[in-house]
Amino acid sequence: MITKNAPRFTLADWLPKLVMAPTVVVTLVCMYGYMIWTGVLSLTNSRMLPSYDFVGLSQYERLFNNDRWLVALANLGLFGGLFIGICLCLGVILAIFLDQKIRNEGAIRTIYLYPMAISFIVTGTAWKWLLNPTNGLEKMMIDLGFEQFTFDWLVNPDKVVYCLVIAAVWQASGFIMALFLAGLRGVDGDLIKAAQLDGAGTFTTYRRIVLPSLKPVFFSALVILAHIAIKSFDLVAALTNGGPGYSSDLPANFMYAHTFTRSQIGLGSASAIVMLGCVLAILIPYLYSELRGQRHD
Amino acid sequence: MASLVIDNVKKRYGNTSVLKGIDIAIEAGEFLILVGPSGCGKSTLMNAIAGLEDVTEGRILIDDQDVTFSSPKDRDIAMVFQSYALYPNMTVAENIAFGLEMRKVPKTEREQEVQRVAELLQISHLLNRKPSQLSGGQRQRVAMGRALARRPQLYLFDEPLSNLDAKLRVEMRTEIKKLHQKLKTTIVYVTHDQIEAMTLADRIAVMKDGEVQQLGTPQEIYDNPANLFVAGFMGSPAMNFIPAKVIESGNTIMLELTTNTIETPTTINTIETPTRLPFPNAESLQSHIGKEVLLGLRPEMITEPQPHKAGLEFTVNSHVNVDVVEPMGADTMMITRIGNNEVNCRCHPSYNMVVGATCEVMFDTSKAVAFDIESGQRLD
């Protein structure tokens, strides 16, 4: 007996595609579509509303002659460098300490990881209170009797970027710790025993054997931290709002201010494209090494 | 090269006792194998020797120096791990040289040593590779090279061959034996493979439940097992345990096997006279006359009738049912049943055995041993 199985498209066949379709459309339009649109706008003289008067690269020229943008870029360099460096160091150290088979490890891990669960707005607000000279840390120390104590970084244009670093490190280093802890757990215990027998001390064992084998974790952590740094907007908005003056601006704040509040869509778009360039400069080598790595292993 | 003394070493984790008083002493240059089923404490003992785990009680002496509380690096020990534990981010040469580097050996000397070891193990062409680019056998060699480079007083091998395939394992086994004969080093080697233990060891310590059951040369362990566990653990196929009754026949003590009812289509219910076997050292069974004991007889001691052994003091011919025939090339294993126990007999491949029929076999009890059924201890 032959049953004729005509190709029938049942709901089951279509369901995966149907479910995925909105995501694909949204991603295509809202991510890549607007990315391209921003790129186009950055080449125009758009001000309050988009216009299509192409002016070549003159918006970029204006951008790199703009003092506020240069301050924002310099801040990004300082903030990003310190934030990434301190987070990595703290994360590694915390992870190593937590990996010494201590009691209540689960609880401690959660405490360190918890800041990651709250938004940068909350972090920024909380640290704004803590760092505020008139009612925060400085007041507490003075109340404790240290009359000479001053801690005015939040209102000092030369130091305000370090406040951003403190808050951002507080938020992200626990997460980096979790990444490294997972990596450390994957290290073969025999390796450490072998190093001990070979005569390496604890420090040397970590420096020469354990940490080098965590290179992929370092790389992932670096990429995650770098793009957090580049896209940082809400932290600045909540903690300093770019001030004093524009001394704590980051590129994202510059972009937002010019595009949406100062009617400089063309200039804002140009700054957004420069930020995209920064992200890609980090992501492309990362993806390249990841994909190449997969082929080798 | 150094001697090793393990003096009443105990190890407890909370209430569980992992090592219950181990006493082992080996001479410089000896090859000691710790063998036993998993969970017997052999790896714990090895870690204790290496200093990777503290002992609860007892002493460990290397070359007459008490090292019980020394850190691993001060014991001058090298270890080969089951997982090899090669440093993944270093090349083969760096792996081999790392221990020397940690001991502040000058660079030129390190390089000479790496060359020497690489030539010894034939891995000179691999020196610039990373461990991930090596095969299992090559990694094994590098792991041994790393141990050899430092010329330590004592080598520890922790199941080094168990990650290799069967053929490579046999090759590497021979290689390790050659290396030991050449270098005359003191080696402690952990394995659960009794063939490795037999072939490599100068002395074997058979362990079970945190206790050394027997310490002796491979031949002693094979011929004179201290108890049922050792007898059953060493040898492949394992020693046969045949329930037998101790009887007095005339003025000698003999072992009477459980009566076998041999059923064949032609002879219905022929009940043979029970097989009685002579026993060397029979006086030792005096106290068990009339009782059941377990007779331990290696498979090669139950064979087809061999004319040159016929009529000797300890040979007896008897008939058994053939249950299974397993040709192994050099020999054919025939499995029969005596009492409730399966019995392996090692016969010549040309000997005619038909499954389901009976055949004549020759019991040679010159090396037989007897165990107490309850305690499993040797009786003779």
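Residues numbered from 1 in each chain as written. Chains lettered and ligands numbered in written order. Predicted model: local features only at pLDDT ≥ 70, side-chain atom pairs only at ≥ 80, totals over all residues. Heavy atoms only, no water.

Asker: Report on the interface of chain A and chain B, specifying residues and quantitative values.
Answerer: Taken together, the contacts link 16 residues of chain A with 22 residues of chain B. Here chain A meets chain B over a buried area of about 1700 Å², counting both sides, of which 62% is carbon and sulfur. In terms of surface lost to chain B, no three residues of chain A exceed L197, D198 and R208 of chain A, which account for 42% of the buried area on that side. Across the salt bridge formed by E101 of chain B and R208 of chain A, the nearest N and O atoms sit 2.8 Å from each other. Viewed at the interface, chain B and chain A are joined by 10 residue pairs in polar contact (both at pLDDT 80 or more). (Contact = heavy atoms within 4.5 Å. Buried area = accessible area lost by both parts, 1.4 Å probe. Salt bridge = Lys/Arg side-chain N within 4 Å of Asp/Glu carboxyl O. Polar contact = N/O pair within 3.5 Å; in protein donor to acceptor, adjacent residues only side chain to side chain.)

Asker: Tell me about the domain arrangement of chain B, and name the residues and values.
Answerer: Residue and element names in this part refer to chain B. When its domains are assigned, chain B resolves into domain 1 (4–233) and domain 2 (240–371). Once you take the C-alpha centre of each, domain 1 and domain 2 turn out to be 41 Å apart. Summing both sides of the interface, domain 1 and domain 2 together bury roughly 700 Å²; the carbon and sulfur share of this comes to 60%. Three residues, Y222, D223 and L228, lead the burial of domain 1 against domain 2; their summed loss comes to 64% of the area buried on that side. Taken together, the connections running from domain 1 to domain 2 amount to 0 salt bridges. The interface formed by domain 1 and domain 2 includes 2 residue pairs in polar contact (both at pLDDT 80 or more). Among the secondary structure elements, those contributing two or more residues to the side of domain 1 that touches domain 2 are α7 (218–223) and α8 (228–233). (Domains from an automatic or database assignment. Helix = DSSP H or I, 4+ residues; strand = E, 2+ residues; numbered from the N terminus.)

Asker: Provide a residue-level description of the side chain of E113 of chain B, including the pertinent values.
Answerer: Residues and elements named next belong to chain B. Tracing the chain through its elements places E113 in helix α3 (residues 107–121). Of the residues examined, E113 reaches a relative accessible area of 12% and is grouped as buried. With residues up to four places along the chain from it excluded, the contact list for E113 reads L100, L148, A149 and R151. (Buried < 20%, exposed > 50% of the residue type's maximum accessible area, 1.4 Å probe, protein only.)

Asker: Break down the layout of surface pockets for me, with residues and values.
Answerer: Residues and elements named next belong to chain A. Space inside the second largest pocket adds up to approximately 710 Å³. Lining the second largest pocket are 21 residues; nearest its centre among them are Q100, K101, I192, K193 and Q196. Of all elements in the fold, only α7 (160–185), α8 (189–197) and α9 (202–210) reach the threshold of two or more residues within the lining of the second largest pocket. (1 Å grid on protein atoms, 1.4 Å probe; cavity = no way out; pocket = protein on both sides within 12 Å on 5 of 7 lines; lining within 4 Å. Points joined across faces, edges and corners; volume = space filled by probe spheres on them.)

Asker: Residues and numbers for the sheet that holds strand β19 (residues 324–327) of chain B, please.
Answerer: All names here are of chain B. Taking strand neighbours across the sheet as the criterion, the 3 strands line up as β19-β20-β21 in an open arrangement whose pairing is antiparallel. Bordering the open sheet on either side are β19 and β21 (341–347), each of which pairs with just one other strand. Taking the axes of each pair of neighbouring strands and ignoring which way they run, one obtains an average angle of 25° across the sheet. As defined by bridge partners, strand β20 (residues 332–338) adjoins β21 across 7 bridges and the pair is classed as antiparallel. Its bridge partner being in β21, M334 is matched across the sheet by C345. (Pairing = 2+ DSSP bridges. Axes fitted to C-alpha atoms, helices over the stretch in contact; angles between N-to-C directions.)

Asker: Give me the environment of I60 of chain B: which residues, what numbers.
Answerer: Residues and elements named next belong to chain B. Structurally, I60 is set in strand β4 (residues 57–62). For the pair I60 and I24, spaced 36 residues apart in the sequence, the C-alpha separation amounts to 9.7 Å. Among residues more than four places away in sequence, those in contact with I60 are L4, V5, V9, A48, I49, V55, Q65, D66, V67, T68 and R75.

Asker: A description of the packing of aromatic side chains should follow, citing residues and the corresponding values.
Answerer: Within the structure shown, the criterion is met by 15 aromatic pairs over all chains. Ring geometry for W153 of chain A and Y162 of chain A: centres 5.8 Å apart, planes at 55°, overall tilted. The exposure class assigned to Y162 of chain A is partly exposed, which follows from its relative accessible area of 28%. Between F180 of chain A and F218 of chain A, the ring centres sit 4.9 Å apart and the planes meet at 70°, which makes this aromatic pair edge-to-face. You can see F180 of chain A sitting in helix α7 and its partner F218 of chain A sitting in helix α10 (residues 215–231), a full 38 residues away along the chain. Through a chain of ring-to-ring contacts, three or more aromatic side chains come together here, namely F64, W69 and F254 of chain A. Over the ring of Y87 of chain B we find R146 of chain B, and its NZ or CZ is 4.6 Å from the ring centre. The side chain of R298 of chain B reaches across the aromatic face of Y222 of chain B, ending 3.9 Å from its centre. (Phe/Tyr/Trp six-rings, centres within 6.5 Å; stacked < 30°, edge-to-face > 60°. Lys NZ or Arg CZ within 6 Å of the ring centre and 35° of its normal.)

Asker: Give me empty space enclosed by the protein: which residues, what numbers.
Answerer: Residue and element names in this part refer to chain B. Considering all chains together, one arrives at 3 cavities of 30 Å³ or more under this definition. Looking at the second largest cavity, its volume works out to about 90 Å³. For the second largest cavity, the full set of lining residues is M144, A147, L148, Y155, F157, I176, L179, H180, L183, T185 and I187. For the lining of the second largest cavity, the secondary-structure elements that each account for two or more residues are α4 (136–149), β7 (154–158) and α5 (166–183). The dominant element in the lining of the second largest cavity, judged by the number of residues it contributes, is α5, at 4 residues. Per-class residue counts for the lining of the second largest cavity are 9 nonpolar, 2 polar and no charged. (Nonpolar A, V, L, I, M, F, W, Y, C, P; charged D, E, K, R; others polar.)

Asker: Lay out the sheet that holds strand β1 (residues 4–13) of chain B in plain terms, naming residues and giving numbers.
Answerer: All names here are of chain B. Taken in spatial order, the 4 strands make up an open sheet running β2-β1-β4-β5, and their pairing is antiparallel. Because the sheet does not close on itself, it has two edges, and the strands there are β2 (16–26) and β5 (65–66). In this structure, β1 lies alongside β2, joined through 8 bridges in antiparallel fashion. Within β2, the residue paired with K11 across the bridge is L19.

Asker: Tell me about the environment of I192 of chain A, and please be specific about residues and values.
Answerer: Residue and element names in this part refer to chain A. With respect to the secondary-structure elements, I192 resides in helix α8. Between the C-alpha atoms of I192 and I209, which are 17 residues apart in sequence, the distance is 7.8 Å. Sequence-distant contacts of I192, defined by excluding residues within four places in its chain, comprise T205 and V210.

Asker: Outline the pattern of salt bridges, listing residues and values.
Answerer: Residues and elements named next belong to chain B. Evaluated as defined, the whole model comprises 22 salt bridges over all chains. Among the ionic pairs, E113 bridges to R116, the shortest N-O distance being 2.6 Å. In this pair, E113 and R116 are both assigned in helix α3, 3 residues apart and thus about one turn of the helix distant. Assessed through its relative accessible area of 28%, R116 is described here as partly exposed.

Asker: An account of the state of the cysteines is needed here, citing residue identities and associated values.
Answerer: Under the defined criterion, the tally for this structure stands at 0 disulfides over all chains. Sulfur of C87 of chain A: no disulfide; nearest cysteine sulfur belongs to C89 of chain A and is 9.6 Å away. (Disulfide = S-S within 2.5 Å.)

Asker: Just give me the short version of the nonpolar core, but keep the residues and values in it.
Answerer: One finds F79 and F83 of chain A together with V188 of chain B to be the most contacted residues of the largest nonpolar core, which totals 88 residues. Among the elements that make up this core, the one with the highest residue count is α7 of chain A (14 residues). If we skip the residues at most four places from it in the chain, V188 of chain B touches L4, I26, L32, L34, M46, I49, L154, Y155, L156 and F157 of chain B. (Core = buried A, V, L, I, M, F, W, Y, C linked by side-chain atoms within 4.5 Å.)

Asker: Quick one: what's the story with the confidence of the model for chain A, residue by residue and with numbers?
Answerer: In this model, chain A carries an average pLDDT of 85, and 95% of its residues clear a pLDDT of 70 or more. Here helix α13 (residues 265–296) of chain A is the element of chain A with the lowest mean pLDDT, 82, and helix α3 (residues 67–98) of chain A is the one with the highest, 91. (pLDDT = per-residue confidence, 0-100.)

Asker: An account of the pairing of strand β16 (residues 292–297) of chain B is requested, with residue identities and associated values reported.
Answerer: If a strand is regular, its side chains alternate between the two faces of the sheet. Residues and elements named next belong to chain B. Counting buried positions along β16 gives 5 out of 6 residues, so the element sits mostly inside the fold. Pairing of strand β11 (residues 240–249) with β16 involves 6 bridges; the strand directions are antiparallel. Paired with A244 across the bridge in β16 is V293. Note: β16 against strand β23 (residues 369–371), 3 bridges, orientation antiparallel. By the bridge assignment for β23, G296 is matched with V369.

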